[in-house]
Amino acid sequence: MALLFSLILAICTGPGLLESSSRVRLVGGDHRCEGRVEVQRYGEWGTICDDGWDIKDVAVVCRELDCGVAKRALSGTLFGPPTQQQQKIFIQQVKCHGMEENLSQCEEEDAFDCTHDEDAGVVCGFPENVRLVDGHKCCQGRVEVKQQGQWGTVCKGSWNFAAAKVVCQQVGCGRAILTRKCCNKATQGQGPIWPRKVSCSGKEISLQDCPSEVWEKNNCTHDEDMWVECEDPFDLKLVGGDSPCAGRLEVLHKGEWGTVCDDDWGEMADQVVCRQLGCGASLSPSVKFRRRFGPGVGRIWLDDVACSGNERSLEQCRHRFWGHHNCKHTEDVAVVCAEQ
């Protein structure tokens, strides 16, 4: 009788809600809040096809995993290692309104025509447990850390520039420019001072990933609160082409779009740009083909860019200081990627 009831329930629900026992995880990202989406059914992990996959679906996944804001809906193929071909694809399409608490509350359709080249991926922000406060811009300010639901400041004696680099990345800004003791009375913190001494290398994804220990001899005052300044958030785009995956490369710095000079530019840099934009592989067109997108105008922001191909962002590649170059716009970089 129990088996009959289960069969009737499955037939009646059909393509409907994900089974309540499903679990979700993200695989292959640089941190736990990005990666290829996998759901668990009957003790086995499988993927979701990207048919109709959009930012509303991503928002639900980010919420379920206690990550930050939904940032991008991407192809899961951008996250390695590649999916094993024998791994199952459980879901063809998910239809979320964006306000659901977990993916099991969204409508879904069982997989029937999909390959792992179509796996769904997401990028979420981190939960907000570090912030910069009282700066003139969003990427500068007094460092505050959230612990047990309460925000507190960080003392100079427990801090270094490597920690500042981690904070700038964690709050979604560009590279760390400086860190120093603040503050005048107007910008001093209130309340607790974070009682941990951190030892960051600068390569961690979040401040919580840095080795730390309780600072037993903590005699700090708010006169020693730490201040960090970061570059503005980095962004890039391809312009002048027929799609967002082809065109002249432009990068955003200090609120202004500018081009990139092609000195030292190579295939590895192409790959980094294509991956960052959520496009397919670089098509490596000829120099003549690249010139069809024309020269840019205004600032030339980057020169002598050299990438290993493993970077998640073009900003992580070696390059000259921003705005330093010996180029003309006739040397502007153009990139052509396959469309997803």
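Residues numbered from 1 in each chain as written. Predicted model: local features only at pLDDT ≥ 70, side-chain atom pairs only at ≥ 80, totals over all residues. Heavy atoms only, no water.

Peer 1: It is not clear to me how the UniProt feature "domain: SRCR" (unreviewed entry) in the protein should be interpreted in this structure. Could you clarify?
Peer 2: Taking the UniProt record as the reference, the feature "domain: SRCR" (unreviewed entry) is found at residues 24–125, 130–231 and 236–338. With 10% helix and 42% strand, residues 24–125 has end C-alpha atoms that lie 17 Å from one another. Here residues 236–338 runs as 14% helix and 23% strand, with 17 Å between its end C-alpha atoms. (UniProt positions renumbered as here; feature names shortened; annotations may be inferred. Helix = DSSP H or I, 4+ residues; strand = E, 2+ residues; numbered from the N terminus.)

Peer 1: What's the story with helix α2 (residues 55–64) in this structure? I'm lost.
Peer 2: Along α2, the positions that sit buried rather than exposed are Asp-57, Val-58, Ala-59, Val-60, Val-61 and Cys-62. The inward-facing, buried residues of α2 abut β1 (23–28), β4 (70–75), β5 (89–95) and β7 (120–124). Among the residues of α2, the N-terminal cap falls to Asp-54, whose side-chain oxygen and the backbone nitrogen of Lys-56 are separated by 3.1 Å. Positive phi appears at Asp-66, one or two residues downstream of α2, with a value of about 60°. (Buried < 20%, exposed > 50% of the residue type's maximum accessible area, 1.4 Å probe, protein only. Contact = heavy atoms within 4.5 Å. Polar contact = N/O pair within 3.5 Å; in protein donor to acceptor, adjacent residues only side chain to side chain.)

Peer 1: Looking at this structure, I do not really get the pattern of salt bridges. What am I missing?
Peer 2: When the charged atoms of two side chains lie near each other, side chains of opposite charge can form a pair. Tallied over the full model, the rule gives 13 salt bridges. We note a salt bridge from Glu-144 to Arg-131, for which the minimum N-O separation is 2.8 Å. Here Arg-131 lies in strand β8 (residues 130–134) and Glu-144 lies in strand β9 (residues 140–147), a separation of 13 residues in the sequence. Take Arg-131: its relative accessible area is 27%, and that puts it in the partly exposed class. (Salt bridge = Lys/Arg side-chain N within 4 Å of Asp/Glu carboxyl O.)

Peer 1: Honestly, the state of the cysteines in this entry has me stumped. Any pointers?
Peer 2: Chemically, a disulfide is nothing more than a covalent bond linking the sulfur atoms of two cysteines. Taken as a whole and judged by the stated rule, the model has twelve disulfides. At a sulfur-sulfur separation of 2.2 Å, the disulfide partner of Cys-49 is Cys-114. Looking along the S-S bond of the Cys-49-Cys-114 disulfide, the torsion reads about 90°, which is the right-handed sense. Taken as a pair, Cys-49 in strand β3 (residues 44–51) and Cys-114 in the loop between β6 (107–110) and β7 lie far apart in primary sequence, 65 residues in all. Each member of the pair, Cys-49 as well as Cys-114, carries the same accessibility label: buried. A disulfide bridge connects Cys-274 with Cys-337, and the sulfur atoms are separated by 2.1 Å. Every disulfide takes its handedness from the sign of the S-S torsion; for Cys-274 and Cys-337 that torsion is -85°, giving left-handed. Taken together, the residues Cys-274 in helix α4 (residues 267–276) and Cys-337 in the segment after β19 (334–336) connect sequence positions 63 residues apart. Exposure class is identical for Cys-274 and Cys-337. Each is buried. (Disulfide = S-S within 2.5 Å.)

Peer 1: Would you explain the nonpolar core in this entry?
Peer 2: Nonpolar side chains in soluble globular proteins generally cluster together in the buried interior. Counting 24 residues, the largest nonpolar core has Leu-249, Val-251, Trp-265, Val-273 and Leu-314 as its most contacted members. Elements represented by at least two residues in this core include exactly β15 (235–240), β16 (246–253), α4 and β18 (300–302). A total of four residues in this core trace back to one element, the largest contributor, which is α4. Excluding residues that lie within four positions of it along the chain, Leu-314 makes contacts with Phe-234, Leu-236, Leu-249, Val-251, Trp-265, Val-272, Val-273, Gln-276, Val-305 and Cys-307. Val-145, Ala-164, Val-198 and Leu-207 belong to the second-largest nonpolar core, a separate cluster that totals 23 residues. (Core = buried A, V, L, I, M, F, W, Y, C linked by side-chain atoms within 4.5 Å.)

Peer 1: Which parts of the structure should I look at to understand the packing of aromatic side chains?
Peer 2: Aromatic ring pairs are reported here in terms of the distance separating the ring centres and the angle at which the planes meet. According to the stated counting rule, one finds three aromatic pairs in the structure shown. Pairing Phe-234 with Trp-322 gives two aromatic rings, centres 6.0 Å apart and planes at 55°, and the pair type is tilted. Taken together, the residues span a long stretch of sequence, with Phe-234 in the loop between β14 (226–230) and β15 and Trp-322 in the loop between β18 and β19 at a distance of 88 residues. An identical accessibility class is assigned to Phe-234 and Trp-322; each is buried. Considering the side-chain rings of Phe-289 and Phe-293, the 6.2 Å spacing of their centres and the 80° angle between planes classify their relative orientation as edge-to-face. Within the aromatic cluster, the residues linked to one another by ring pairs are Phe-234, Trp-301 and Trp-322. Its guanidinium or amino end placed over the ring of Trp-151, Arg-131 lies 4.1 Å from that ring's centre, counting from NZ or CZ. Over the ring of Trp-301 we find Arg-299, and its NZ or CZ is 4.1 Å from the ring centre. (Phe/Tyr/Trp six-rings, centres within 6.5 Å; stacked < 30°, edge-to-face > 60°. Lys NZ or Arg CZ within 6 Å of the ring centre and 35° of its normal.)

Peer 1: Help me out: how do you make sense of unusual backbone geometry in this one?
Peer 2: The phi angle of most residues is negative, glycine excepted, and most peptide bonds adopt the trans form. Phi is positive for Asp-134, which is not a glycine, with a value near 70°. Structurally, the position occupied by Asp-134 is in strand β8. Backbone geometry at Asp-304 places phi at a positive 55°, although glycine is not the residue there. Topologically, Asp-304 is positioned in the loop between β18 and β19.

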